[in-house]
Amino acid sequence: MSQKPWEHAKSSGSEADPVATRFVASLDVDQRLYPHDIAGSIAHATMLHHVGLLTVNELDTITTGLNAIKSEIDEQGESWPGWKVELEDVHMCIEAALIEKIGEPGRRLHTGRSRNDQVALDMKLWIDQSIAVLLKKTESLAAAFAELADRCGEVIMPSYTHMQRAQPIVAGGEALAWASCFNRCGKRFWQLDDRLENPLGCGAIAGSSLPLDRQFSASMCDDINAIAPSSMIATASRDATLDMAYGLSMVSMWLSRWAEQWIIYNSTEFSFITLGDAYTTGSSMMPQKRNPDMLELIRGKTGQVYGSLVALLTMCKGLTIGYNRDLQEDKRHLFSAY
């Protein structure tokens, strides 16, 4: 009999064929979600106790077991013995390990929950955490340009439209223009963070007949405390993933435009700036050259981020309103863009 709860009505599941096992698995991508999966599970278990579906002893046992598993994974990483490709994903690996560790109370954790609302929550918790990192980075970058404006603010230079000389400006004006771009990028992430909705309790598509308290579950999940208004959309939508990928694409676009500008400014023909040796490479045939390889790589890496956004849009474009397995691939594309 399959260990996977969604295969219990069949004599076997994909684990009966090694090729099928590898093909449906997402464990190589979604392992990084383990702290969010555990946090969401503790929130769900706490709600189940709140509505009388778990005893206090069962809740304590589940919480202790999950925290122990998190500590094990924190320490052992990819070497944690609970990672089993035949269980397909991070969610089932943690659930199976919990059942092995604490027995029957571990099975009760799945009460009123589907992998559909579980993975949707995990991704939103990951997005929330990643936004905090991105906000610090965009703020730091904008501050660096503001510092450059302060340092070189009175240097006279031309501005350009159509790549032809336009009005005279000061270097500080251009530096603050770049600062403004990256400040806007940060605001885009902040606005996304404010729109995240909690899908716990939405089940596979239409909720549950059990007396779940979705508002209580949401209140247990850090900043994602607004409940999704539609269970069908909460489990079928990847809007937050798409918004995140778009935000990352906008950061990449502005980084690429800045890199192009400074590549031109660094050229012999312009000679507006000189790049430090640490940020250039030489030439095996022409040792006098100082190539702006880092700026070129920033410009070049933009295509990968754009590709992730287009892949996500294409993945979602032909799906019906409920959950479809195609959505499993969202993590691969978003993590790559990030």
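Residues numbered from 1 in each chain as written. Predicted model: local features only at pLDDT ≥ 70, side-chain atom pairs only at ≥ 80, totals over all residues. Heavy atoms only, no water.

Student: For this particular structure, what's the right way to read the overall build of the protein?
Tutor: Within the protein, the secondary structure is distributed over 13 helices and 4 strands. Its C-alpha atoms give the protein principal-axis dimensions of roughly 75 × 45 × 40 Å. Split into buried and exposed, the 338 residues of the protein put 45% on the buried side. Long-range contacts, defined here as pairs at least 24 residues apart, represent 72% of the contacts in the protein between residues at least 6 apart. Working note: accessible area of the protein is about 17,500 Å², and carbon and sulfur atoms make up 55% of it. (Helix = DSSP H or I, 4+ residues; strand = E, 2+ residues; numbered from the N terminus. Buried < 20%, exposed > 50% of the residue type's maximum accessible area, 1.4 Å probe, protein only. Contact = heavy atoms within 4.5 Å. Areas by Shrake-Rupley, 256 points an atom, 1.4 Å probe, with all protein chains shown as cover.)

Student: Is there a simple way to think about the packing of aromatic side chains in this case?
Tutor: The relative placement of two aromatic rings is captured by the distance of their centres and the angle of their planes. Summed over the entire model, instances satisfying the criterion amount to 12 aromatic pairs. Pairwise contacts between aromatic rings join Phe-145, Phe-182, Trp-258 and Trp-262 into one cluster. (Phe/Tyr/Trp six-rings, centres within 6.5 Å; stacked < 30°, edge-to-face > 60°.)

Student: What exactly am I supposed to notice about the nonpolar core here?
Tutor: In globular proteins that are soluble, nonpolar side chains generally tend to be buried together. Among the nonpolar cores identified, the biggest contains 78 residues, and Ile-127 and Met-244 are the most heavily contacted of them. In contact with Ile-127, not counting residues within four places along its chain, are Leu-192, Leu-196, Ala-240, Thr-241, Met-244 and Leu-334. (Core = buried A, V, L, I, M, F, W, Y, C linked by side-chain atoms within 4.5 Å.)

Student: Can you walk me through the layout of surface pockets in this structure?
Tutor: Gaps left between atoms are located by rolling a probe of water-molecule size over the structure's atoms. A volume near 480 Å³ is recorded for the largest pocket. Lining the largest pocket are 18 residues, and of these Val-251, Ser-252, Leu-255, Ala-337 and Tyr-338 lie nearest its centre. Elements with a contribution of two residues or more to the lining of the largest pocket: α7 (115-152), α11 (239-266), α12 (293-316) and α13 (330-337). Partitioning the lining of the largest pocket into residue classes produces 11 nonpolar, 5 polar and 2 charged. (1 Å grid on protein atoms, 1.4 Å probe; cavity = no way out; pocket = protein on both sides within 12 Å on 5 of 7 lines; lining within 4 Å. Points joined across faces, edges and corners; volume = space filled by probe spheres on them. Nonpolar A, V, L, I, M, F, W, Y, C, P; charged D, E, K, R; others polar.)

Student: I keep staring at the pattern of salt bridges and nothing clicks. Help me out?
Tutor: If you walk through the whole model with that rule in mind, you get 15 salt bridges. Asp-74 is the partner of Lys-70 in a salt bridge, and the nearest nitrogen-oxygen pair spans 2.9 Å. Here Lys-70 and its partner Asp-74 are both found in helix α4 (residues 56-76), 4 residues apart, which amounts to about one turn of the helix. By relative accessible area, which is 28% here, Lys-70 ends up partly exposed. Between Glu-88 and Arg-115 there is a salt bridge whose closest N-O contact spans 3.9 Å. Of this pair, Glu-88 sits in the loop between α4 and α5 (90-102) while Arg-115 sits in helix α7, placing them 27 residues apart in sequence. Just as Glu-88 is buried, Arg-115 falls in that class too. (Salt bridge = Lys/Arg side-chain N within 4 Å of Asp/Glu carboxyl O.)

Student: Hey, could you run me through α5 in this one?
Tutor: Residue pairs three or four apart in sequence face the same way in an α-helix, which turns once every 3.6 residues. Spanning 13 residues, α5 covers 18 Å between terminal C-alpha atoms, matching the ideal 18 Å at 1.5 Å per step. Burial runs high along α5: 10 of the 13 residues are buried. Restricting attention to buried positions, one finds in α5 the residues Val-90, His-91, Met-92, Cys-93, Ile-94, Glu-95, Ala-97, Leu-98, Ile-99 and Ile-102. The elements touched by buried residues of α5 are α2 (27-30), α3 (34-50), α4, α6 (104-108) and α7. For α5, the N-terminal cap is Asp-89; the gap from its side-chain oxygen to the backbone nitrogen of His-91 is 3.2 Å. A positive backbone phi angle near 80° is found at Gly-103, which sits one or two residues after α5. (Expected span 1.5 Å × (residues − 1). Polar contact = N/O pair within 3.5 Å; in protein donor to acceptor, adjacent residues only side chain to side chain.)

Purely spatial values, then, with no claim about function.
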